[in-house]
Amino acid sequence: VAVPVPPAPPPEEQDTLPNSAQRLDPVGAGAAGPRGTRTLPRPAAAAPGVPAAHRTTVEPAPHLRARRRSRRLFAVWTAVVLALAVGVAVSAWWLGSGRWTAMPSLLGLEEAAAQQLLDQADLLGVSVRAFDDTAPEGRVTEADREVDAELLRGSTVTYTVSAGQPVVPAIAPGTDVSAAQQAVRDAGLDPVDGPEEFSGTVPQGAVIGTRPGAGARLPSGSPVELVVSRGEQPRQVRVPSVVGRSFAQAEAALADAGLDAEERPAFGPFGGTGGRVIGQSPGAGSMVERGTTIVLDTIPI
């Protein structure tokens, strides 16, 4: 029985040889090699001196070129299909739930923590400061969006940060009254007229300072007195008329004029003190040095 011979391999798996003249080994194409092996015919080497352009080039078979072209087209179309699938999936996610986000809770948080939560939710945070008598300074007290509200990514959220209680502003001596009043209002406080005082450095009608002083913390809307300059203190003052007033009233009026008061009861020590003024010396309208003592004659009330 003849020994079965395996079928020949497909053409694409067979060795291809250039379609050119071949040179066989001296023993021939069927010569036996070492240990009984056979050698395949080898292509003849190019003759020395033959230009490279005249040498024979091995071209793949047409069916191999078609197969390679098919594989490349398959790979290209596979990549296109995958890209389209990814694009459709991303678009569906964005048009569905992807472009929406939830508003986080910011109340009571420090400003840095609130801004971090908004960044994580893809929201743009804008902070404004406002005075608050109860919330600690730097804490979020209010937001213009409800907690867990659905917002488009990139939406703007405005939140309020506590600036604490208002602080009395520092007003430079010599500031105009209207400018000082506006500064106090901007600080969340209420400017009111304060006492007038003499000053050798601040012009008359300008603000000397505030009461309470700069830096004091007060509840929102608290009054702040503006002390206004009366100009340079004169050496001589006119004595006001205090006859008919009680000694306490007369003493206060004289003090406002820069004068001192001394009571002289009409009936001596038996008349008591704190009576009604019936005379004064020097008299009303007199020009005297500042700090002069005015003697007031009084009778019991």
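A few points on the structure.

Time to look at the sheet that holds strand 5 (residues 140–143). In any sheet, the strands associate via hydrogen bonds between backbone groups, in a parallel or an antiparallel arrangement. Read across the sheet, 3 strands follow the order 4-7-5 without closing on themselves; strand pairing throughout is mixed. Each edge of the open sheet carries a strand with a single partner, namely strand 4 (124–130) and strand 5. Direction aside, the axes of adjacent strands within the sheet are offset by 30 degrees on average. With respect to the sheet, helix 2 (residues 111–120) is in contact with strand 4, strand 5 and strand 7 (156–162), its orientation differing from that of strand 7 by roughly 170 degrees.

On to the side chain of Thr-101. Summarising the element assignment, Thr-101 is placed in strand 3 (residues 100–102). In terms of polar contacts, Thr-101 uses its side chain to reach the backbone carbonyl oxygen of Ala-121, at 3.0 Å. Ignoring anything within four residues of it in the chain, the contact list for Thr-101 reads Ala-121, Leu-123, Ala-149, Glu-150, Leu-151, Leu-152 and Arg-153.

With that settled, the discussion passes to the pattern of salt bridges. Evaluation of the coordinates by the stated rule reveals 6 salt bridges. Across the pair Asp-122 and Arg-153 runs a salt bridge, and its minimum N-O distance is 2.6 Å. Remark: Arg-153 occurs in the loop between strand 6 (150–152) and strand 7 and Asp-122 occurs in the loop between helix 2 and strand 4; sequence separation between them is 31 residues. By relative accessible area, Asp-122 is classed as partly exposed at 38%. Given the relative accessible area of 31%, Arg-153 is considered partly exposed. One salt bridge in this structure joins Arg-211 and Glu-197, with 2.3 Å as the shortest N-O distance. Of the two residues, Arg-211 is situated in strand 9 (residues 207–211) and Glu-197 in strand 8 (residues 190–197); the sequence distance between them amounts to 14 residues. Its relative accessible area of 40% is what places Arg-211 among the partly exposed residues.

We now examine the sheet that holds strand 10 (residues 223–229). Pairing within the open sheet is mixed, and its 3 strands lie in the order 8-10-9. The two strands at the open ends of the sheet, each matched to only one other strand, are strand 8 and strand 9. Recorded for the sheet is a direction-independent mean angle of 30 degrees between the axes of neighbouring strands. In terms of strand pairing, strand 9 meets strand 10 through 4 bridges, oriented antiparallel. Residue pairing in the sheet places Thr-210 in a bridge with Leu-226 of strand 10. Where helix 3 (residues 177–186) meets the sheet, its contacts fall on strand 8, strand 9 and strand 10, and the angle it forms with strand 10 comes to roughly 160 degrees.

Now for the environment of Val-168. Within the secondary structure, Val-168 sits in the loop between strand 7 and helix 3. Residue Val-168 is classed as buried on the basis of its relative accessible area of 2%. Between the alpha carbons of Val-168 and Arg-217 there is a distance of 6.4 Å; along the sequence they are 49 residues apart.

Glancing now at the packing of aromatic side chains. All told, the structure shown has 0 aromatic pairs when counted by the stated rule. The cationic tip of Arg-290 hangs over the ring face of Phe-198; the distance from NZ or CZ to the ring centre is 4.7 Å.

Attention now goes to unusual backbone geometry. Cis geometry is adopted by the peptide bond preceding Pro-212, which originates at Arg-211 and carries an omega value of 0 degrees. Turning to its location among the elements, Pro-212 is positioned in the loop between strand 9 and strand 10. For the bond from Ser-281 to Pro-282, the omega torsion is -5 degrees, close enough to zero to count as cis. Structurally, Pro-282 is set in the loop between strand 13 (276–281) and strand 14 (287–289). Even without glycine at this site, Asp-122 takes up a positive phi of about 60 degrees. Even without being a glycine, Asp-148 presents a positive backbone phi close to 70 degrees. Locating Asp-148 in the fold gives a position in the loop between strand 5 and strand 6. Overall, Asp-148 belongs to the exposed group, its relative accessible area being 60%.

Definitions and limits used
Residue positions are counted from 1 within each chain, in the order its sequence is given. Given that the model is predicted, a residue must reach a pLDDT of at least 70 before its local features are reported, and side-chain atom pairs must reach 80 or more before they are shown or counted; all residues, however, enter totals for whole chains, interfaces and linings. Hydrogens are left out, water is left out, and the side-chain values use all remaining heavy atoms of the structure. For two strands to be treated as a pair, DSSP must find no fewer than two bridges joining them. Under the scheme used here, helices are H or I runs from DSSP no shorter than 4 residues and strands are E runs no shorter than 2 residues, and both carry numbers assigned from the N terminus. Simply put, an axis is a line fit to the C-alpha atoms, just over the touching stretch for a helix, and the angle between two N-to-C directions goes from 0 to 180 degrees. In this analysis, two residues are considered to be in contact whenever any of their non-hydrogen atoms come within 4.5 Å of each other. Under the rule applied, a polar contact is a pair of N or O atoms within 3.5 Å (in protein, one hydrogen donor and one hydrogen acceptor; residues adjacent in sequence only if both atoms are side-chain atoms). Put simply, a salt bridge is a Lys or Arg side-chain nitrogen that is within 4 Å of an Asp or Glu carboxyl oxygen. Here's how the labels work: a residue is buried when its accessible area is under 20% of the maximum for its type, exposed when over 50%, partly exposed in between, all with a 1.4 Å probe on protein chains only. Side-chain rings of Phe, Tyr and Trp, where Trp is taken by its six-membered ring, are said to pair if the distance between their centres is within 6.5 Å; with planes under 30 degrees apart they count as stacked, over 60 as edge-to-face, and otherwise as tilted. To sit over a ring, a charge needs its Lys NZ or Arg CZ within 6 Å of the ring centre and within 35 degrees of the ring normal.

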